[in-house]
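Residues per chain, in single letters:
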Amino acid sequence: MNFETFNLHPSIMAGVRALGYSIPTPIQVQAIPPIMQGRDVIGLAQTGTGKTAAFVLPILEHLRSGPQGCVRALVISPTRELAEQTCEVINGLGSKTSLQSVAIYGGVSMEQQIRGLRSGAGIVVACPGRLLDHLWKGTISLSELEILVIDEADRMFDMGFLPDIRNILRCILHEHQTLLFSATMPENIRRLARQILHDPVTVQVGRTLPAKTVSHVLYPVQQHLKTELLKKILDGTQTESVLIFTRTKHRAERVAQQLVRAGYRVTSLQGNLSQNQRQAALTGFRNGSIKILVATDIAARGIDVLSISHVINYDMPESTDDYIHRIGRTGRVEKNGEALTLVTNADAGKIRALEQLLDAPLKRLTLQGFDYTRPAPDTEPCLSQQPRRRVVRRHEIGRQTAMR
Ligand code: AMP
């Protein structure tokens with residue numbers, strides 16, 4: 001199958017060629033025809049499958065005719081990065097059309113967004129909180145909305161955005177087409193879908209399994225040796241761009257600092273950064289000037305860098321869903337990628353769940369020459385230097401409790 005089958009307007013086909021797409025991905029093959037017929041669609045697809053173009057192409061085709069200068073399509077995204085990236089896909093595929101899009105998210109001034117809206121953007125890509133701000137201020141109108149896309153619905157739910165989504169939906173009272181994309185279908189999303197979609201067509205790609213182009217390897221190691229092992233892995237592996245995931249933002253920051261001190265060009269992406277810092281980190285990683293990015297799950301939502309050759313889980317993700325999301329960053333659209341996970345004894349249950357999902361045992365690797373027995377620095381069994389137990393004096397007890 002090729003893109004000609006969809007009968008897209010030549011100006012949109014020019015955009016498809018400009019982005020170098022030659023063959024539609026499976027989610028595009030399945031989702032584009034029913035969306036173009038005006039049907040509501042549930043798209044079960046993880047990132048990296050080409051799901052963005054699957055809804056952007058029909059939107060561009062639909063918006064070519066009809067009223068201009070008002071918001072006719074709205075994409076709700078969980079994060080600003082994903083919103084920016086969706087806008088980039090819209091701008092790329094729509095580069096030979098006159099359609100305009102605007103990204104709306106918090107952490108930056110509303111003024112520029114208001115100017116974008118006033119200049120007649122037909123497509124808005126928005127994060128829920130800031131979109132509600134605009135709706136309450138009356139700086140956006142959804143009265144002409146024809147197509148609503150809820151992207152990465154499961155993430156939106158994880159991030160606590162479901163009440164916001166429901167508030168947004170209350171502002172769109174007239175009939176419209178709704179598309180809901182999600183990598184997984186937890187019960188809350190299923191319920192939302194039942195409530196807001198009309199006779200939807202469900203298209204599903206690869207169920208909730210990771211892309212076949214990714215190979216998975218576990219590195220068993222003690223917690224305190226993880227950074228040392230990570231450095232050895234980085235030194236001994238041919239990589240392009242590497243995305244490292246940690247469980248907490250504090251740890252993302254710390255691992256990035258440890259790698260910088262060891263001489264690697266690294267940046268980190270975690271919730272403590274300002275919008276400018278996030279943008280700078282992402283730009284450096286995207287343009288390849290920085291090859292290693294350390295991030296938390298939430299901060300890394302929507303990172304779309306085609307040359308990510310390795311995803312390294314410094315910490316085992318909380319759930320198999322998170323694992324799929326994380327490694328969805330590599331092996332994108334027929335590129336090969338590797339997912340390496342540093343695991344400790346405490347991760348046994350999570351590993352079992354993952355092996356069940358993948359329906360295969362995962363390969364365990366040990367690095368030749370790496371000292372796996374080195375004790376943690378503060379538990380060195382050196383009896384002569386055992387720190388003497390400090391006696392807590394009576395007058396200190398109150399102070400210690402207050403400090404806790
Ligand atoms: P997504 O799943 O939408 O995040 O897309 C993942 C990546 O695949 C993006 O970099 C897209 O530009 C790229 N992509 C989408 N569709 C195609 C296609 N038909 N051929 C090649 N690359 C594509």
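These numbers were taken from a predicted model, which means no experiment stands behind them.

1. Quick notes on the side chain of serine 11
Of note, serine 11 is situated in helix 1 (residues 10–18). At a separation of 2.7 Å, a polar atom in the side chain of serine 11 contacts the side chain of histidine 9. Here serine 11 is in contact with Arg64, Leu93, Lys96 and Thr97, once residues within four sequence places are set aside.

2. As for the sheet that holds strand 13 (residues 337–343)
In space, the seven strands of this open sheet follow the order 10-11-9-12-13-8-14, with parallel pairing throughout. Lying at the two open borders of the sheet, with one neighbouring strand each, are strand 10 (266–269) and strand 14 (363–364). Bridge count between strand 8 (residues 214–220) and strand 13: seven bridges; the pairing is parallel. The partner of valine 214 across the bridge, within strand 13, is glycine 337. Along the sheet, helix 12 (residues 275–286) contacts strand 9 (241–245), strand 10, strand 11 (292–295) and strand 12 (308–313); its crossing angle with strand 10, the most-contacted strand, is approximately 135°.

3. Some thoughts on unusual backbone geometry
Most peptide bonds take the trans configuration, and most residues that are not glycine carry a negative phi. Notably, asparagine 7 is not glycine yet its phi reads approximately 55°, a positive angle. Within the secondary structure, asparagine 7 sits in the segment before helix 1. Residue classification places asparagine 7 among the exposed residues on the basis of a relative accessible area of 65%. Residues other than glycine seldom take positive phi values, yet aspartate 199 does so here, at roughly 45°.

4. Focus: helix 12
Helix length check: helix 12, at twelve residues, gives a terminal C-alpha distance of 16 Å against a target of 16 Å (1.5 Å per residue), a fit within 8%. Where helix 12 is concerned, the buried positions are Gln275, Arg278, Ala281, Leu282, Gly284 and Phe285. Along its buried surface, helix 12 packs onto helix 4 (80–93), strand 9, strand 10, strand 11 and strand 12. Trailing helix 12 by a residue or two, glycine 288 shows a phi angle of about 85°, which is positive.

5. A look at the pattern of salt bridges
In total, this model carries 15 salt bridges according to the counting rule given. Between aspartate 151 and lysine 51 there is a salt bridge, and its shortest N-O distance comes to 3.1 Å. You can see aspartate 151 sitting in the loop between strand 5 (147–150) and helix 7 (153–158) and its partner lysine 51 sitting in helix 3 (residues 51–63), a full 100 residues away along the chain. Taking relative accessible area as the criterion, lysine 51 reaches 4% and is therefore assigned buried. For glutamate 152, the salt bridge is made with lysine 51, and the minimal N-O distance between the two is 3.3 Å. Of this pair, glutamate 152 sits in the loop between strand 5 and helix 7 while lysine 51 sits in helix 3; the two residues are 101 residues apart in sequence, bridging distant segments of the chain.

6. Some thoughts on the environment of isoleucine 150
Along the polypeptide, isoleucine 150 turns up in strand 5. Taking the C-alpha atoms as reference points, isoleucine 150 and threonine 178, 28 residues apart in sequence, are found 7.8 Å from one another. Beyond its immediate chain neighbours, meaning those up to four positions away, isoleucine 150 contacts Ile76, Met156, Ile165, Leu179, Leu180, Phe181 and Ile196.

7. A closer look at the pairing of strand 1 (residues 41–44)
Looking down a regular strand, the side chains alternate between one sheet face and the other. Burial along strand 1 is two-sided: Val41 and Gly43 facing one way and Ile42 and Leu44 facing the other are all buried. Sheet topology places strand 1 next to strand 6 (residues 177–182); four bridges connect them, and they run parallel. The residue bridging glycine 43 from the neighbouring strand is phenylalanine 181, located in strand 6. Bridge count for strand 1 against strand 7 (residues 201–204) is four bridges, and the pairing is parallel.

8. So, the nonpolar core
One finds Phe55, Leu57, Ile59, Leu60, Leu93, Val149 and Leu179 to be the most contacted residues of the largest nonpolar core, which totals 39 residues. Elements represented by at least two residues in this core include exactly helix 1, helix 2 (26–36), helix 3, strand 2 (73–76), helix 4, strand 4 (123–126), strand 5 and strand 6. Apart from the residues within four sequence positions on either side, leucine 179 is in contact with Ile35, Arg39, Val41, Phe55, Ile147, Leu148, Val149 and Ile150. Core analysis: the second largest hydrophobic core is formed by 34 residues, Leu44, Val71, Leu145 and Ile165 among them.

9. Thoughts on the sheet that holds strand 4
Note: strands within a sheet are paired through backbone hydrogen bonds, in either parallel or antiparallel orientation. The strand order 3-4-2-5-6-1-7 describes an open sheet built from seven strands, whose pairing is parallel. Whereas interior strands pair on both sides, the edge strands pair on one side only; in this sheet they are strand 3 (101–104) and strand 7. Recorded for the sheet is a direction-independent mean angle of 15° between the axes of neighbouring strands. Both strand 5 and strand 6 contribute to a ladder of four bridges, which runs parallel. In the sheet register, isoleucine 150 faces strand 6, and the bridge partner there is leucine 180.

Reading the values: rules and limits
- Residues numbered from 1 in each chain as written.
- Predicted model: local features only at pLDDT ≥ 70, side-chain atom pairs only at ≥ 80, totals over all residues.
- Heavy atoms only, no water.
- Helix = DSSP H or I, 4+ residues; strand = E, 2+ residues; numbered from the N terminus.
- Polar contact = N/O pair within 3.5 Å; in protein donor to acceptor, adjacent residues only side chain to side chain.
- Contact = heavy atoms within 4.5 Å.
- Pairing = 2+ DSSP bridges.
- Axes fitted to C-alpha atoms, helices over the stretch in contact; angles between N-to-C directions.
- Buried < 20%, exposed > 50% of the residue type's maximum accessible area, 1.4 Å probe, protein only.
- Expected span 1.5 Å × (residues − 1).
- Salt bridge = Lys/Arg side-chain N within 4 Å of Asp/Glu carboxyl O.
- Core = buried A, V, L, I, M, F, W, Y, C linked by side-chain atoms within 4.5 Å.

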